[in-house]
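Remarks on the overall topology
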Amino acid sequence: MKPAYFDYVAPPSVAETVSLLGEHGTEASVLAGGQSLLIEMRYRRRRPAILIDVNRVAGLSGIALDPASARLGALVRHADLERARFADPLAALFRLVAPNVAHPPIRARGTFAGSLAWAHPAAEWCALAAALNAEVELRGPYGERRVPAGAWFLGPFTTARLPDELVTGVRLPRLGPGTAVRFAEHRRTHASFALAAVVVAVRLAAERVAWVRIGLANAADVPLRAVEAEAVLIGERAGPGPIAEAAEVAGTEADPVEEPYASVPYRRHVLRTLVRRCLTEAAEAAAAEAANR
Amino acid sequence: MTDIELTVNGEPRRATVEPRTSLADLLRDGLGLTGTTLGCEHGVCGSCTVLLDGAAVRACLTLAVQAAGHEVRTVEGLADGDRLHPLQEAFAAEHALQCGFCTPGFLMLLAGALAAEPELDRDERRLDQVLASNLCRCTGYVGIRRAAAHAAARLRGEAYDDREADEDGEDGVPGGSV
Ligand SMILES: Cc1cc2nc3c(=O)[nH]c(=O)nc-3n(C[C@H](O)[C@H](O)[C@H](O)COP(=O)(O)OP(=O)(O)OC[C@H]3O[C@@H](n4cnc5c(N)ncnc54)[C@H](O)[C@@H]3O)c2cc1C
Ligand code: FES
Ligand code: FES
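Parameters at a glance
Residue positions are given per chain, counting from 1 as you read along its sequence in written order. The naming scheme follows written order: chains are lettered A onward, ligands numbered 1 onward. For this predicted model, a pLDDT threshold of at least 70 governs which residues receive local features, and a threshold of 80 or more governs which side-chain atom pairs are given and counted, while totals over whole chains, interfaces and linings are taken from all residues. Hydrogens and waters are ignored; side-chain quantities use all the structure's heavy atoms. At least two bridges found by DSSP between two strands are what make those strands a pair. Here a helix means four or more residues in a row that DSSP labels H or I, a strand means two or more in a row labelled E, and each is numbered from the N terminus. Only heavy atoms enter the contact rule, under which two residues are in contact if any of them lie within 4.5 Å. What counts as buried area is the accessible surface, traced by a 1.4 Å probe, that two parts surrender upon association, with contributions from both included. The working definition used for a salt bridge is a side-chain nitrogen of Lys or Arg within 4 Å of a carboxyl oxygen of Asp or Glu. The term polar contact refers here to a pair of N or O atoms within 3.5 Å; inside protein, the definition further demands a hydrogen-donor-capable atom paired with an acceptor-capable atom, and it admits residues adjacent in sequence only when both atoms are side-chain atoms. Put simply, Ala, Val, Leu, Ile, Met, Phe, Trp, Tyr, Cys and Pro go in the nonpolar bin, Asp, Glu, Lys and Arg in the charged bin, and everything else, Gly too, in the polar bin. Between the N-to-C directions of two axes lies an angle of 0 to 180 degrees, each axis being a line fitted to C-alpha atoms and, for a helix, fitted only over the stretch in contact. Each residue is placed in one exposure class: buried if its accessible area under a 1.4 Å probe, protein chains only, is under 20% of its type's maximum, exposed if it is over 50%, and partly exposed if it falls in between. We call a residue near a molecule or strand when any one of its heavy atoms sits within 4 Å of it. Here, Shrake-Rupley sampling with a 1.4 Å probe gives the accessible areas, and only protein chains in the shown set may cover a residue.

**Observations concerning the pairing of strand 4 (residues 55-58) of chain B**
Residue and element names in this part refer to chain B. In terms of strand pairing, strand 3 (residues 49-52) meets strand 4 through 4 bridges, oriented antiparallel. Directly across from Leu-52, in strand 4, lies its bridge partner Ala-55. Taking the residues that link successive antiparallel strands as the turn, the strand 3-strand 4 hairpin has 2 residues, and the phi of Asp-53 there is positive, at about 50°.

Now the structure itself:
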């Protein structure tokens, strides 16, 4: 279907975007990659009176690095992350995850920040953001604020963003040398969204788990960080025993929704399998790297 | 209604569009370039794929107003006069189409991908990932994959013997004698 009629503006600056959002509030939608929003508008599930296209806003592109973090501007596309080449395992994690987000022509336009703003429970980037507790940076009429991922995702397609706020960027912690990263996803067909997906990052010290993050996609109505599973591993040797226990706990922490092709027990089983696989491989990679240093 | 200027297949074009007009509808209805086909209009099938500033995108999920000031290439811009583009020749030679509905989308998908990665066909997994962007209900993709490798080789200036490739018969159909 064609979208319902709407007005369109493409402001050149963040300040003008925010003032337009203040003026139009819930009547307006921000258009980033459009790879979710324009579909919703074609279904006429969304009928904004005005679209505020941020693709011509200066200063929203690019990945900015400082010693502790990587800041993705709101217009960083999925394809930019598929090619990310900065010196940190976070770049490797971007390259692992990106090919699972839709297809190349969608990735050429869709944005990382747009994924977080859209908050699909199966979205890979949302699971990564949850795992690393990314900070969403917002600009509204009152000024700026930052919301950590743990407080950002409120439900399916629901976030802490207020109608007059623009997401200007997302800040993620750099992982540092020696951190091993893994990603695994199960989907029914090549073209489906993830039935379940898992993001893992692990660092060892003296052969024991010093730091670990586990993110789950489509494991609940929001992306999850499996904190209890992480706690099982801290201080342990990253062998089959503790990894199996952590996977078991992660499956229990998950709170999946019943779907026609995925009963709750089945999805817990898939999540446990993917967590175990990711942890096993990441722990081996981290150990191999420690041995080489 | 908004007046926009953009470049289509190297030519400057002007058009008056509603904000809700998709780039695909502008190309087809506004500019008469009906080579770009529309299947799903939801980003899934890829038949509407065109190049926007050199990158393959879905013309059904891009607004015409967003293309203002940018460069669009469609299947009509591939051939050089009467001389078909190597991708078009390869699609014909390798039986990469039957009804042809998906073909413009696949040609533009590959035109964008091969410009960015001229050796794409050397990594079969990568090539399959790219080809999985678009749907074809007729061919079963084997001919399309072969055409991609054929065109990639020719675009690199290498000789490509299509009979030899066909006799490899990945699809079990010998020598193109259907
Ligand atoms: C065929 C197909 C397959 C797909 N497969 C997957 C998949 O496997 N996994 C996956 O995760 N996604 C998938 N997607 C969705 C895709 O990743 C989208 O790009 C993403 O969900 C939204 O990003 P966008 O930049 O396109 O946002 P848009 O569609 O432009 O916007 C989405 C929402 O976020 C809001 N928004 C966007 N940017 C901002 C901002 N800066 N400030 C405030 N609000 C903002 C918009 O107002 C809108 O509500 C698929 C899409 C298609 C068409
Ligand atoms: S018509 Fe655009 S992807 Fe199907
Ligand atoms: S040739 Fe008919 S859909 Fe591809």
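Further notes follow.
**Comments concerning the interface of chain A and chain B**
Taken residue by residue, the interface counts 30 residues in chain A and 28 residues in chain B. Area buried by chain A at its contact with chain B is led by A:Arg42, A:Pro105 and A:Arg109, which between them contribute 26% of it. Viewed at the interface, chain B and chain A are joined by 4 salt bridges. The interface formed by chain A and chain B contains 10 residue pairs in polar contact (both at pLDDT 80 or more). Elements with a contribution of two residues or more to the side of chain A that touches chain B: helix 2 (37-42), strand 3 (50-53) and helix 5 (104-107) of chain A. In the side of chain A that touches chain B, the residues fall into 17 nonpolar, 6 polar and 7 charged.

**Points about the sheet that holds strand 3 of chain A**
All names here are of chain A. Pairing in this open sheet of 3 strands is parallel, and the strands run 1-3-2 from one edge to the other. Each having just a single partner strand, strand 1 (7-9) and strand 2 (28-31) make up the two edges of the open sheet. Strand-to-strand twist across the sheet, computed as the mean angle between neighbouring axes with direction ignored, equals 25°. One ladder, built from 3 bridges, connects strand 1 with strand 3; its direction is parallel. Directly across from Val-9, in strand 3, lies its bridge partner Ile-52. On top of the sheet, helix 1 (residues 14-24) reaches strand 1, strand 2 and strand 3; it is set at about 165° to strand 3, its chief contact.

**What about the side chain of B:Gln66?**
Take B:Gln66: it is sitting in the loop between strand 4 and strand 5 (71-73). According to the relative accessible area criterion, B:Gln66 is buried, its value standing at 5%. Setting aside anything within four residues of it in sequence, one finds B:Gln66 in contact with A:Tyr8, A:Leu31, A:Ala32, A:Leu38, A:Asp53, A:Asn55, A:Arg56 and A:Arg109.

**Some points on the sheet that holds strand 4 (residues 63-65) of chain A**
Residue and element names in this part refer to chain A. The antiparallel open sheet is built from 5 strands, whose spatial order is 4-5-10-6-7. Of all the strands in the sheet, the pair left with one neighbour each is strand 4 and strand 7 (143-148). The mean inter-strand angle of the sheet, taken between neighbouring strand axes irrespective of direction, is 25°. Pairing between strand 5 (residues 69-73) and strand 10 (residues 166-173): 5 bridges, direction antiparallel. Within the sheet, the bridge partner assigned to Arg-71 lies in strand 10 and is Arg-171. Strand contacts of helix 1: strand 6 (135-140) and strand 10, with the helix running at about 120° to strand 10, the strand carrying the most contacts.

**Focus: the site of ligand 1**
Neighbouring ligand 1 are 31 residues; A:Val30, A:Gly34, A:Ser36, A:Leu37 and A:Thr111 lie closest to it. Positioned at a junction of chains, ligand 1 has nearby residues supplied by chains A and B. At 2.7 Å from an oxygen atom of ligand 1 is found a main-chain nitrogen or oxygen belonging to A:Gly34. Here an oxygen atom of ligand 1 sits 2.7 Å away from a polar atom, N or O, in the main chain of A:Leu37. Considering ligand 1 on its own, with 970 Å² of exposed area, one finds that the protein chains cover 95% of that surface. Counting residues per element, the ones that place at least two in the shell around ligand 1 are strand 2, helix 2, helix 6 (112-118) and strand 10 of chain A. When residues of the shell around ligand 1 are assigned to their parent elements, the largest contribution, 4 residues, is made by helix 6 of chain A. Across the shell around ligand 1, the residue classes tally to 16 nonpolar, 12 polar and 3 charged.

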